[in-house]
Amino acid sequence: VNMVQLHNVTKAYVNQLALSDINLEVKKGEFLFVTGASGSGKSTLLKMLYGEELPTQGEVTVDECNVAQMRGDALSLLRRRIGIVFQDYKLIQQRTVAENVTVVLEAQGYTRKEILRRLEPTLKLVGLRDKANCFPGQLSGGEQQRVGIARAIVSTPPLILADEPTGNLDPDNSWQIIQIFRKLNAFGATVIITTHDEQLVRRCNHRVVQVCNGKLLTKNI
Ligand code: ADP
Ligand code: ADP
């Protein structure tokens, strides 16, 4: 069963063809790396999966929903089933780690009890139980990214998308972050990660596709 399917997808920005006639299937439970040079279209590919960009042509299907046809509440519900991790973490500086992680659950109307029930194991999984009351500015880059991951996974989404999650981190921290994604994948999540870090990709035994000149190439690692 596919979690993600792109069928003959082309994405053109005003003066820029980003992706050209792409086909891709990602099965439920898969772990996929998307590699490619900066500007090759990796972010664009992920953005189409959560409806941030629409394909110019072709069909993007996520968890059996045609993303381009989803509006308003339906799109919100689909997005709740996707955990998104960004290169620059996108944390709220004036909120603690715990608050950053639970802000989404509060917005979604979870009860206080349910929020606390989820917070503890999530912080434990990313190794931040003792940092719950710290502010982002008090954390290292690797720790901040682990907050970003905790926020993305606290509602246990079946699909996790990460756009250059290790782009601002040194090799040790990058490796730790990848290990967290691999653990989530082992628990059953489908994981798609973009990266231009070829070394990191080679250290793992996961499927890799490369975006090159708007096309998708399958890579043998
Ligand atoms: P990557 O994530 O691989 O760095 P992107 O998907 O961000 O690549 O960008 C692919 C191409 O599309 C680049 O040439 C980029 O400049 C262009 N692009 C990205 N977003 C926009 C936008 N909103 N408007 C116009 N061009 C864009
Ligand atoms: P698998 O994909 O079967 O789970 P492993 O987790 O054992 O494989 O590791 C995949 C690759 O990453 C192997 O080449 C392994 O040597 C390397 N690797 C695993 N853990 C580390 C680590 N902590 N430091 C450096 N390399 C590692």
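In the block above lies the structure referred to throughout.
Our subject in this report is the structure included herewith. Fair warning: this is a prediction, and the values are worked out from it, not measured in the lab.

**Side note on the pattern of salt bridges**
Next up, step 1: In the structure shown here, the tally under the stated rule is 13 salt bridges.
Next up, step 2: In this structure, the salt-bridge partner of K27 is E25, at a minimum N-O distance of 3.9 Å.
Next up, step 3: Since its relative accessible area comes to 42%, K27 is described here as partly exposed.
Next up, step 4: We classify E25 as partly exposed; its relative accessible area is 38%.

**A short note on the site of ligand 2**
Next up, step 1: Residues in contact with ligand 2, as listed here, are W175, R182, R203 and N205.
Next up, step 2: Residue W175 places a side-chain N or O atom 3.2 Å away from a nitrogen atom belonging to ligand 2.
Next up, step 3: In this structure, R182 approaches ligand 2 through a side-chain N or O atom, which is 2.8 Å from an oxygen atom.
Next up, step 4: Burial of ligand 2 by the protein chains amounts to 34% of its free accessible area of 550 Å².
Next up, step 5: Partitioning the shell around ligand 2 into residue classes produces one nonpolar, one polar and two charged.

**Quick notes on the pairing of strand β1 (residues 2-13)**
Next up, step 1: In this sheet, strand β2 (residues 16-27) lies alongside β1 in antiparallel orientation, the contact comprising eight bridges. Bridge pairing links V9 to I22 in β2.
Next up, step 2: Pairing between β1 and strand β4 (residues 57-62): five bridges, direction antiparallel. Bridge pairing in β4 links L6 to V60.

Conventions and cut-offs
Residues numbered from 1 in each chain as written. Chains lettered and ligands numbered in written order. Predicted model: local features only at pLDDT ≥ 70, side-chain atom pairs only at ≥ 80, totals over all residues. Heavy atoms only, no water. Salt bridge = Lys/Arg side-chain N within 4 Å of Asp/Glu carboxyl O. Buried < 20%, exposed > 50% of the residue type's maximum accessible area, 1.4 Å probe, protein only. Near = heavy atom within 4 Å. Polar contact = N/O pair within 3.5 Å; in protein donor to acceptor, adjacent residues only side chain to side chain. Areas by Shrake-Rupley, 256 points an atom, 1.4 Å probe, with all protein chains shown as cover. Nonpolar A, V, L, I, M, F, W, Y, C, P; charged D, E, K, R; others polar. Pairing = 2+ DSSP bridges. Helix = DSSP H or I, 4+ residues; strand = E, 2+ residues; numbered from the N terminus.

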